[in-house]
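Observations on chain architecture
These are the residues of each chain, in order.
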Amino acid sequence: MNSSTHKPLVYIISAPSGSGKSTLVSKLMKLVPDLDFSVSYTTRPLRGSEQNGKQYYFISRDEFKQMIDREEFLEHANVFGNYYGTARRFLDEAAQKGHDLLLDIDVQGAEQIKRKLPDAISTFVLPPDRQTLERRLRARGEDSEQVIQRRLVTASREIENYDKYDYILVNDRLDESIKSLQDIVRSERLRRSGGPLSGEQKQMLASADRCRLSNIRDRVQPILASFAMPTVTGGSG
Ligand code: 5GP
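Below you will find a few notes about this structure. (Residues numbered from 1 in each chain as written. Predicted model: local features only at pLDDT ≥ 70, side-chain atom pairs only at ≥ 80, totals over all residues. Heavy atoms only, no water.)

Some details on the packing of aromatic side chains
Overall, the coordinates contain 7 aromatic pairs when judged by the stated rule. Among the aromatic residues, those joined into a ring-pair cluster are Tyr41, Tyr57, Phe64, Phe73 and Tyr83. When the ring centre of phenylalanine 90 is taken as origin, the NZ or CZ atom of arginine 89, which lies over that ring, is 4.6 Å away. We note arginine 151 situated over the ring of phenylalanine 80; from NZ or CZ to the ring centre the distance is 5.7 Å. (Phe/Tyr/Trp six-rings, centres within 6.5 Å; stacked < 30°, edge-to-face > 60°. Lys NZ or Arg CZ within 6 Å of the ring centre and 35° of its normal.)

Examining the sheet that holds strand β6 (residues 82–87)
Taken together, 4 strands build an open sheet; the order of strands is β4-β3-β6-β5 and the sheet is mixed. The open sheet has two edge strands with one neighbour each: β4 (56–58) and β5 (73–79). With direction set aside, neighbouring strand axes in the sheet form an average angle of 25°. Sheet analysis places strand β3 (residues 40–42) next to β6, joined by 2 bridges and oriented antiparallel. By the bridge assignment, tyrosine 41 is partnered in β6 with glycine 85. (Pairing = 2+ DSSP bridges. Helix = DSSP H or I, 4+ residues; strand = E, 2+ residues; numbered from the N terminus. Axes fitted to C-alpha atoms, helices over the stretch in contact; angles between N-to-C directions.)

Some words on the environment of glutamine 112
Relative to the elements of secondary structure, glutamine 112 occurs in helix α4 (residues 107–116). Measuring from C-alpha to C-alpha, the distance between glutamine 112 and leucine 74 comes to 8.2 Å, with 38 residues separating the pair along the chain. If we skip the residues at most four places from it in the chain, glutamine 112 touches Glu75, His76 and Ala77. (Contact = heavy atoms within 4.5 Å.)

Observations concerning the layout of surface pockets
The computed volume of the largest pocket comes to approximately 1400 Å³. For the lining of the largest pocket, the secondary-structure elements that each account for two or more residues are α1 (21–31), β5, β6, α5 (130–140) and α6 (145–159). Counting residues per element, the lining of the largest pocket draws most heavily on α1, at 6 residues. Split by residue class, the lining of the largest pocket holds 13 nonpolar, 15 polar and 14 charged. Reported here for the second largest pocket is a volume of approximately 240 Å³. (1 Å grid on protein atoms, 1.4 Å probe; cavity = no way out; pocket = protein on both sides within 12 Å on 5 of 7 lines; lining within 4 Å. Points joined across faces, edges and corners; volume = space filled by probe spheres on them. Nonpolar A, V, L, I, M, F, W, Y, C, P; charged D, E, K, R; others polar.)

A short note on empty space enclosed by the protein
One pass over the full model with this rule turns up 1 cavity of 30 Å³ or more. If you trace the largest cavity, you find it lined by Tyr11, Ile12, Ile13, Leu28, Leu102, Ile121, Thr123, Leu181 and Val185. Secondary-structure elements contributing two or more residues to the lining of the largest cavity are β1 (10–14), β8 (121–126) and α7 (174–193). Residue contributions to the lining of the largest cavity peak at 3 residues, all from β1. Residues belonging to the lining of the largest cavity are distributed by class as follows: 8 nonpolar, 1 polar and no charged.

A word on the pairing of strand β9 (residues 167–170)
Burial along β9 is two-sided: the face carrying Tyr167 and Leu169 and the face carrying Ile168 and Val170 are both buried. Bridge analysis of β8 against β9 gives 4 bridges, and the strand direction is parallel. What sits directly across from leucine 126, in β9, is valine 170. (Buried < 20%, exposed > 50% of the residue type's maximum accessible area, 1.4 Å probe, protein only.)

Brief notes about the nonpolar core
If you look at the biggest cluster of nonpolar residues, it comprises 38 residues, and the most contacted ones within it are Ile113, Phe124 and Ile168. Considering every element that reaches this core, the biggest residue donor is helix α9 (residues 213–226), with 5 residues. Setting aside residues no more than four positions away along its own chain, isoleucine 113 makes contact with Val10, Ile12, Leu74, Glu75, Leu103, Ile105, Pro118 and Ala120. Listed in part, the 20 residues of the second largest apolar core include Ile13, Val125, Ile178 and Cys211. (Core = buried A, V, L, I, M, F, W, Y, C linked by side-chain atoms within 4.5 Å.)

Observations concerning the pairing of β6
Of all 6 residues making up β6, 5 are buried, and the element is well covered by its neighbours. In the sheet, β5 pairs with β6 via 6 bridges, with the strands oriented antiparallel. Across the sheet, residue valine 79 finds its bridge partner in β6, namely asparagine 82.

Geometric descriptors of this kind do not, in isolation, establish any biological role.
Rendered as structure tokens:
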């Protein structure tokens, strides 16, 4: 890629906690070349085996505020009472390297990025249904019952925003989800590069297209229903 003119593709991925997003993201990062992960800044305390600079940069509220004042963030938001933000410099660095950039951010952050970078490609990861999400949250063994219930309520709220995203990935079987996510990333690159397509590439585009919001509404309806959401009637886009 020509780094002097490279405009990074920005991929956003959002999901309620427990939907398996972290696993998907880390597998994707290993499989797709020239894709950088934007390590967010956060004021939340470090958890378990996390390392500063790997999953997040862990900073104080004062440091976070200073970064806001210096306009160092592309977006930032308060999530569960802590601040999280995407540093602009990752976008600059990706451009210099001729790479694309992946952001693992929440719904509020996704909205801000879409306003600033309308070409950003957004994917929302949905659990197959509420019961599965609840089971996964319990299986992680990280949270008390009270926290699990709070996460489920938050998940229902976050899921309401699914139709602001370009692609929806129902994370039922991990191997299939990874393949679909890879197809989304690769097909968007292909679309930008233009040129004739091989049979395999056409299949990849078709696979990504199956996750497009407009093509997956029927699959999403029962999931929403399991979270006791009103179903959407009609609507084609
Ligand atoms: P956790 O603390 O569980 O790692 O993440 C909580 C939530 O914050 C997740 O939904 C995650 O996607 C979101 N998040 C992580 N980094 C950022 C960021 O830089 N900006 C925004 N808006 N959300 C973020």
